[in-house]
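# Residue-level structural notes
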Amino acid sequence: MTTSREVRLKSRPEGLPTAANFEVASVELPAPGPGEVQVRNHFMSVDPYMRGRMYDRPSYVPPFQIGEALQGGCVGEVIASNDPSLQVGDTVQSMLGWREAYNAPASAVQKVDTSSGLPLQAFLGIAGMPGMTAYAGLLRVAALKEGDVVFVSAAAGAVGSVVCQIAKIKGHTVIGSAGGPEKAAFLKSIGVDHVIDYKAVPDLKAALREAAPRGIDVYFENVGGEHLEAAIDSARPFARFALCGMISQYNETGEPKGPSNIIQAVGKSLKLEGFIVSNHYDLLPDFLRDMSGWIASGQLQWKDTVDEGIDNAAGAFIKLFKGENMGKMLVKLS
Ligand SMILES: NC(=O)c1ccc[n+]([C@@H]2O[C@H](COP(=O)([O-])OP(=O)(O)OC[C@H]3O[C@@H](n4cnc5c(N)ncnc54)[C@H](OP(=O)(O)O)[C@@H]3O)[C@@H](O)[C@H]2O)c1
């Protein structure tokens with residue numbers, strides 16, 4: 001038997017989640033059955049989309065159930081195998097995060113190619129789902145083209161910081177918005193042309209107009225609310241908006257505020273397109289080729305914020321909604 005601890009949903013959060021919405025429980029794992037492996041997780045991811053799964057409502061992923069372990073991206077190591085496709089010591093990823101160890105059918109885990117030399121946690125960030133979201137959202141959904149001025153919200157986060165850098169690599173003017181001087185300094189260090197510390201400016205619309213006097217062509221939307229309104233205000237005719245997320249609304253208890261100026265989308269012929277990364281995995285080979293080149297040449301940098309231990313996993317998740325992460329928020333489990 002292997003003892004593992006896991007995080008379960010104790011109650012559905014109302015507004016900002018609190019520690020009381022989660023509980024840590026111990027489970028005993030038997031030896032893996034036929035066709036199964038046993039994995040010890042080294043890192044698990046906490047992501048804003050998980051908040052959506054805490055509501056009991058239909059969505060593109062089913063809701064988490066009260067009393068059950070949460071799920072999410074993780075990377076770890078096979079510690080016992082009862083399937084010929086995987087050996088003890090193999091590095092694997094799966095969606096069975098939020099737990100220290102697990103048994104699963106070998107088909108439910110994917111072997112990670114560690115030959116690139118990237119640190120393990122990068123497969124949950126820059127070389128994983130958030131990186132892929134940035135890549136697909138900017139290059140396919142927003143269809144970045146020559147001369148575009150690009151505006152990115154939550155620009156110092158896991159997705160946003162990759163969006164900014166891909167746009168810079170491709171030669172664009174980039175405006176990034178993030179909260180606080182430390183994040184602003186990070187954005188400058190990765191080459192963002194104009195940084196807006198949205199917590200420090202009295203009027204976001206005015207700040208964006210000043211940063212982009214001739215307007216923006218692309219908006220990579222991570223935040224919603226005031227940010228979306230400011231982007232509509234500064235949009236040039238035919239601007240494209242990749243609607244990736246709207247984190248400012250995820251904990252909203254009342255009716256979220258709509259952009260009061262959405263009428264401008266008509267006159268400016270704006271294209272607003274939402275997307276979910278899982279519908280764009282046909283781009284994976286291109287993503288892996290481009291990312292490995294950019295990382296190897298030092299053109300792409302990243303930051304992680306790493307908390308330690310399963311007991312701190314819920315706290316790490318809550319940090320996302322307080323802006324207490326820089327780059328990818330992760331939990332180190334072993
Ligand atoms: N469509 C998809 O397939 C897909 C996939 C992955 C992620 N996403 C979305 O992409 C966005 C970024 O995700 P991520 O994983 O990269 O997270 P992240 O940006 O690393 O972390 C979340 C950040 O959001 C900002 N934030 C939180 N509450 C806010 C508020 N009320 N107003 C303004 N900013 C707020 C904070 O940064 P500041 O300190 O700057 O405020 C925080 O650090 C999220 O909306 C997420 O849901 C979508």
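Below is a short write-up of the structure. (Residues numbered from 1 in each chain as written. Predicted model: local features only at pLDDT ≥ 70, side-chain atom pairs only at ≥ 80, totals over all residues. Heavy atoms only, no water.)

### Observations concerning empty space enclosed by the protein
Considering all chains together, one arrives at one cavity of 30 Å³ or more under this definition. In this structure, the largest cavity spans a volume of roughly 70 Å³. In terms of lining, the largest cavity is formed by Ala122, Gly125, Ile126, Ala158, Ser161, Val162, Trp302, Lys303, Asp304, Gly327 and Lys328. With three residues, helix α3 (residues 158-169) is the largest single contributor of residues to the lining of the largest cavity. (1 Å grid on protein atoms, 1.4 Å probe; cavity = no way out; pocket = protein on both sides within 12 Å on 5 of 7 lines; lining within 4 Å. Points joined across faces, edges and corners; volume = space filled by probe spheres on them. Helix = DSSP H or I, 4+ residues; strand = E, 2+ residues; numbered from the N terminus.)

### Some points on the site of the ligand
Close contacts around the ligand come from 27 residues, with Lys183, Tyr198, Tyr250, Val277 and Asn325 the closest. Between the ligand and Cys244, the relevant distance is 2.9 Å, taken from a nitrogen atom to a main-chain nitrogen or oxygen of the residue. Between an oxygen atom of the ligand and a side-chain N or O atom of Tyr250, the distance comes to 2.7 Å. Among the elements of the structure, α2 (129-141) and α3 are those that each provide at least two residues to the shell around the ligand. Here the residues of the shell around the ligand sort into 17 nonpolar, nine polar and one charged. (Near = heavy atom within 4 Å. Polar contact = N/O pair within 3.5 Å; in protein donor to acceptor, adjacent residues only side chain to side chain. Nonpolar A, V, L, I, M, F, W, Y, C, P; charged D, E, K, R; others polar.)

### Regarding helix α8 (residues 284-296)
Here α8 is 13 residues long and its end C-alpha atoms lie 18 Å apart, about the 18 Å a rise of 1.5 Å per residue gives. What α8 keeps buried is the set Phe287, Asp290, Met291, Trp294 and Ile295. Projected down its long axis, α8 carries its buried residues within an arc of 125°, all on one side. For α8, the exposed residues lying more than 90 degrees away from the buried face are Pro285, Arg289 and Ala296. Elements in contact with the buried residues of α8: α2 and α3. (Expected span 1.5 Å × (residues − 1). Buried < 20%, exposed > 50% of the residue type's maximum accessible area, 1.4 Å probe, protein only. Arc of directions from axis to C-beta. Contact = heavy atoms within 4.5 Å.)

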